[in-house]
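# Secondary and tertiary structure notes
Chain residues, written in single-letter form:
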Amino acid sequence: MGLDFTIIPKYMDIILLGVAWTIGITVSAALLSFIGGILFAVIALYAPWIIRQPFRLVEGVFMGTPLLLQLFLIYFGLVQIGIDLPAFVAGIIGLGLHFAVYNSELIQTAILAVDKGQMEAARTLGLSRSQALRKVVIPQAIRDVIPPIGNNMIALLKDSALVSVIGVSELTLSAQRVIGKTYRPFEFYILAAALYYIINLGMEWVQRRIERRISVSR
Amino acid sequence: MSEPLHFVEIRHAQKSFGAVEVLKDISLNVERGQIVGIIGSSGSGKSTLLRAINDLDPLTGGEIWLDGVQVNKALPHRQYEKHINAMRQQVGMVFQHFNLFPHMTARENVTMAPKLLKGLSQSDADKLAEEQLDKVGMLERIDYYPSQLSGGQKQRVAIARALAMKPKMMLFDEATSALDPELVEEVNLVMKKLAEEHMTMIIVTHEMDFAASVCDRVLFMDKGIVVEEGPPEILFKNPSKERTREFLRKHIEGAK
């Protein structure tokens, strides 16, 4: 049995629906990981000791255990305590929190690297420490951290394939379903890989545009 | 302690970093509208003294009073934060390295604090930015980012930013030391203009000529004490202390 790529158009609607889910989940989880990353960074750096220390432990656990396990825990585990999330929601939360922890690490480093004269200048104008962080320090830290966060977001896109195991019909699971019907794994896995790559290129393009827009303000 | 008689009173200011004493019992009064220069070699404590006035470098002993209110008064943490933020709004500060906010345009640098702290509307804030940037000759660059400005231009925007809070006094911490020589004059001109408007100013500087031309009084500091102070024509021409003479000799020869 040779390769036959002409079979692809017949199942393209299923695959494209998978693409839509992959993009939807990736973008939602990326936003969650971005906002969560800022929040976690502020907690890790500035919350009182009693909150900060346990929080850092939780962060360590998130970074040190498999994302797949975390997804299982959120989707299957939380049901036992009465939290029954739809699979795609569980997937977004799992991916979002996992990458929020990685983003938080980057943002913490960037906050500490902002020139301390910036905080001083803001404080001499009469801003409180939290106002100075919000208006002056954090925006600069985020600006500096856009390129590495972009890399995390590309990792997030690739890891979004993991949510297929909790039954979200994103690109990987869609390809598997089509393969189940057609017994053509090579053609459809290649197709899925190509589509991931194209989404990836799209994300890189967006990242470059953001970087260009902020380049003047440094 | 007695009620303050002067606009700014520094009473027995003392500051240590661990075992190192950088300010040793300094007292200084400044009247409203006066311009005081502080000179001295690096490490003399002059910047530390300046930064103590708005509590950026808190003193370990002594009192700072501004316009009848003690700046560094003992209060519980939360109340102190509120108090010091209110005090700092009244004291403009200009830094050696400008410390402009690089993610904001000149306009935004000037309007951020007044909008946030005084609740200015956008149109009032724009008016304020135009007024203050015009004053320092930077109106044409109002929508430029700091990265698009020269050092002298950055410092002028930084002065406008401080003035936009309508401070009662201004502190200058070696405002021209980081500038290329050809850019010093434009910043000095802005400071002279403020002097003509009778802004109360304390100026830490390395530029003896500038200090001589604008200051009402000049202090020479060395190793954490005020060695000598007086009107510039006396301090520069006819100092009474040997340490002052030595410093001036080095500096004025160094400049030639």
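Everything numeric here is computed off the predicted structure, so don't read it as measured data.

All right, on to the sheet that holds strand β8 (residues 200-204) of chain B then. Sheets are built from strands paired through backbone hydrogen bonds, the pairs being either parallel or antiparallel. All names here are of chain B. Ordered by their spatial adjacency, 6 strands build an open sheet running β6-β7-β8-β3-β9-β10, and the pairing between neighbours is mixed. Of all the strands in the sheet, the pair left with one neighbour each is β6 (91-94) and β10 (225-230). Taken pair by pair, the neighbouring strands of this sheet meet at an average axis angle of 15 degrees, ignoring direction. Relative to strand β9 (residues 217-222), strand β3 (residues 35-39) runs parallel, the two sharing 4 bridges. By the bridge assignment for β9, V36 is matched with R217.

A cluster of nonpolar residues, L68, L69, F72, F76 and V165 of chain A, forms a patch on the protein surface that exposes about 420 Å² of accessible area. Looking at where F72 of chain A falls in the secondary structure, it is placed in helix α3 (residues 67-77).

It is worth spelling out the packing of aromatic side chains at this point. Per the counting criterion, the structure on display carries 7 aromatic pairs over all chains. The rings of F72, Y75 and F76 of chain A are connected pair by pair, giving a single aromatic cluster. Across from the ring centre of F101 of chain B, 4.4 Å away, lies the NZ or CZ of R161 of chain B, which sits over that ring.

Quick look at the packing of helix α6 (residues 129-159) of chain A against helix α8 (residues 185-214) of chain A now. All names here are of chain A. With their axes 10 Å apart at the nearest point, α6 and α8 run at an angle of 170 degrees to one another. The angle between α6 and α8 places the two elements in the roughly antiparallel class. In this structure, α6 uses R143, I146, P147, G150, N151, M153, I154 and L157 to contact α8, whose residues at the interface are Y196, I199, N200, M203, E204, Q207, I210, E211 and I214. Broken down by class, the residue content of the contact of α6 with α8 amounts to 10 nonpolar, 4 polar and 3 charged.

Residues and elements named next belong to chain A. Between helix α4 (residues 87-113) and α6, the least distance of the axes is 8 Å, while the angle of their chain directions is 145 degrees. Where α4 crosses over α6, the handedness of that crossing is right-handed. Between α4 and α6, the residues in contact are L95, F99, Y102, N103, L106, I107, A110 and I111 and V137, I138, A141, V145, P148, I149, N152, M153, A155, L156 and D159, respectively. Here the residues of the contact of α4 with α6 sort into 16 nonpolar, 2 polar and 1 charged.

On to the pattern of salt bridges, then. One pass over the full model with this rule turns up 22 salt bridges over all chains. The shortest N-O distance in the salt bridge between R51 of chain B and E120 of chain A comes to 2.6 Å. Taken together, the positions of R51 of chain B in helix α1 (residues 46-53) and E120 of chain A in helix α5 (residues 116-124) put the pair across two chains. Across the salt bridge formed by R32 of chain B and D67 of chain B, the nearest N and O atoms sit 3.2 Å from each other. With R32 of chain B in the loop between β2 (20-30) and β3 and D67 of chain B in the loop between β4 (61-66) and β5 (69-70), this residue pair connects regions lying 35 residues apart in the sequence. A residue is classified by how much of its surface remains accessible, and R32 of chain B, at 58% relative accessible area, is exposed.

With that settled, the discussion passes to the UniProt feature "transmembrane region" (unreviewed entry) in chain A. Residue and element names in this part refer to chain A. Mapped onto this numbering, the UniProt entry gives "transmembrane region" (unreviewed entry) at residues 20-45, 57-79 and 186-206. Secondary structure content for residues 20-45 is 100% helix and 0% strand, while the C-alpha to C-alpha distance between its ends is 37 Å. Taken as a whole, residues 186-206 contains 100% helix and 0% strand, while its terminal C-alpha atoms sit 30 Å from one another.

Taken residue by residue, chain A gives an average pLDDT of 93. The fraction at 70 or more is 99%. Mean pLDDT across the secondary structure elements of chain A bottoms out at helix α2 (residues 49-64) of chain A, with 91, and peaks at α5 of chain A, with 97.

The subject of this paragraph is unusual backbone geometry. Leaving glycine aside, a negative phi is the common case for residues, and trans is the common case for peptide bonds. All names here are of chain B. Even without a glycine there, the phi angle at F98 is positive, about 65 degrees. With respect to the helices and strands, the residue F98 is situated in the loop between β6 and α3 (106-118). Phi angles above zero are rare outside glycine, and N99 is one such case at about 55 degrees. Structurally, the position occupied by N99 is in the loop between β6 and α3. N99 gets classed as buried once you look at its relative accessible area, which sits at 7%.

Parameters and conventions
Residues numbered from 1 in each chain as written. Chains lettered and ligands numbered in written order. Predicted model: local features only at pLDDT ≥ 70, side-chain atom pairs only at ≥ 80, totals over all residues. Heavy atoms only, no water. Pairing = 2+ DSSP bridges. Helix = DSSP H or I, 4+ residues; strand = E, 2+ residues; numbered from the N terminus. Axes fitted to C-alpha atoms, helices over the stretch in contact; angles between N-to-C directions. Patch = residues over 30% accessible without salt bridge, like charges linked within 9 Å, V, L, I, M, F, W, Y side chains within 5 Å. Areas by Shrake-Rupley, 256 points an atom, 1.4 Å probe, with all protein chains shown as cover. Salt bridge = Lys/Arg side-chain N within 4 Å of Asp/Glu carboxyl O. Phe/Tyr/Trp six-rings, centres within 6.5 Å; stacked < 30°, edge-to-face > 60°. Lys NZ or Arg CZ within 6 Å of the ring centre and 35° of its normal. Parallel < 35°, antiparallel > 145°, perpendicular 65-115°, else oblique. Contact = heavy atoms within 4.5 Å. Nonpolar A, V, L, I, M, F, W, Y, C, P; charged D, E, K, R; others polar. Left-handed = near helix turned anticlockwise from the far one by under 90°. Buried < 20%, exposed > 50% of the residue type's maximum accessible area, 1.4 Å probe, protein only. UniProt positions renumbered as here; feature names shortened; annotations may be inferred. pLDDT = per-residue confidence, 0-100.

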